[in-house]
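The chain contents come next:
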Amino acid sequence: MKSLVSLRVNGIDREEAVGDTTLLIDFLRDGLGLTGTKMGCDGGDCGACTVLVDGKPTLSCLTLASTVHGKSVLTAEGLVNGGVLHPIQEGFHVKLGSQCGFCTPGQVMAAYALLEKNPKPTVAEIKAGMSNNLCRCTGYNTIVESVQYAAGKMSASRSK
């Protein structure tokens, strides 16, 4: 069966027919063409599929699309503004926070949620905030540096 789901995805209001057993990741990737969100482990262990639902990090591989009715979903694609990378995305590029890039969208969304809640996190707070996201390529130091870069850039833009 299908249900009609009303939601906001990356700032755009949508109304879509969604299968009752369709996972949010499949709806985003296959239904809406938002392929930034990745299926890493298929079990909620790696965080590659992290998106924000009403501002909270959510594993889209474990979330039924029908459960986000009336909610706001933000993916990595939604952070880009007019073709300009968000400071978090820029930080991952500049500080080499991504190697193969597979986990990067989930890492970016976890970092976004962290910095929205805590704009000036310590290294320990960054590590704790990013702990649900695994990366097999980096030693995590560059991920921490990427988040620190973004925090500094976002703080500077807020103080202007």
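Residues numbered from 1 in each chain as written. Predicted model: local features only at pLDDT ≥ 70, side-chain atom pairs only at ≥ 80, totals over all residues. Heavy atoms only, no water.

Asker: I keep staring at the overall build of the protein chain and nothing clicks. Help me out?
Answerer: When helices and strands are tallied, the protein chain shows 5 helices and 5 strands. Counting helices and strands in the order they occur from the N terminus, the protein chain gives β-β-α-β-β-β-α-α-α-α. Taking 160 residues into account, the globule formula puts the C-alpha radius of gyration at 15 Å, and the protein chain, at 16 Å, falls close to it. Structurally, the protein chain occupies a C-alpha span of about 45 × 35 × 25 Å along its principal axes. Counting all 160 residues of the protein chain, 42% fall into the buried class. The contacts in the protein chain between residues at least 6 apart in sequence include a share of 57% that link residues at least 24 apart. Of note, the protein chain has its 15 positive side-chain charges centred 8 Å away from the centre of its 14 negative side-chain charges. (Helix = DSSP H or I, 4+ residues; strand = E, 2+ residues; numbered from the N terminus. Rg over C-alpha atoms; globule rule 2.2 N^0.38 Å. Buried < 20%, exposed > 50% of the residue type's maximum accessible area, 1.4 Å probe, protein only. Contact = heavy atoms within 4.5 Å. Lys, Arg positive; Asp, Glu negative; His and termini not counted. Charge placed at Lys NZ, Arg CZ, Asp CG, Glu CD.)

Asker: I'm lost on the pattern of salt bridges in this one. Help?
Answerer: By the definition in use, this model includes 3 salt bridges. We note a salt bridge from Asp-13 to Arg-8, for which the minimum N-O separation is 2.9 Å. With relative accessibility at 57%, the residue Asp-13 sits in the exposed group. The closest approach of N and O atoms between Lys-153 and Glu-90, which form a salt bridge, is 2.7 Å. With Lys-153 in helix H5 (residues 141-158) and Glu-90 in helix H2 (residues 87-94), this residue pair connects regions lying 63 residues apart in the sequence. Exposure remark for Lys-153: the relative accessible area of 36% places this residue in the partly exposed category. (Salt bridge = Lys/Arg side-chain N within 4 Å of Asp/Glu carboxyl O.)

Asker: Before we go on, may I ask you to explain the side chain of Thr-138 in this structure?
Answerer: Within the fold, Thr-138 resides in the loop between helix H4 (123-129) and H5. Among the polar contacts made by the side chain of Thr-138, one reaches the main-chain amide nitrogen of Tyr-140 at a distance of 3.2 Å. Once residues within four sequence positions are removed from consideration, Thr-138 is found in contact with Gly-97, Gln-99 and Ile-143. (Polar contact = N/O pair within 3.5 Å; in protein donor to acceptor, adjacent residues only side chain to side chain.)

Asker: Where do I start with the packing of helix H3 (residues 104-117) against H5 in this structure?
Answerer: To describe two helices that pack against each other, one gives the angle between their axes and the distance between the axes. Running from amino to carboxyl end, H3 crosses H5 at an angle of 45 degrees, the nearest separation of the two axes being 11 Å. Classified by the interaxial angle, the pair formed by H3 and H5 is oblique. Viewed along their axes, H3 and H5 form a crossing whose handedness is right-handed. Contacts between H3 and H5 involve Gln-107, Ala-111, Leu-114, Leu-115 and Glu-116 from the first element and Ile-143, Val-147, Ala-150, Ala-151 and Met-154 from the second. Here the residues of the contact of H3 with H5 are counted per class, giving 8 nonpolar, 1 polar and 1 charged. (Axes fitted to C-alpha atoms, helices over the stretch in contact; angles between N-to-C directions. Parallel < 35°, antiparallel > 145°, perpendicular 65-115°, else oblique. Left-handed = near helix turned anticlockwise from the far one by under 90°. Nonpolar A, V, L, I, M, F, W, Y, C, P; charged D, E, K, R; others polar.)

Asker: I would appreciate a short explanation of the environment of Gly-40 in the present structure.
Answerer: Of note, Gly-40 is situated in the loop between helix H1 (24-31) and strand S3 (50-53). A sequence separation of 20 residues divides Gly-40 from Ser-60, and the C-alpha atoms of the two residues are 11 Å apart. Those residues in contact with Gly-40 that lie beyond four places of it in its chain are Cys-46, Ala-48 and Phe-102.

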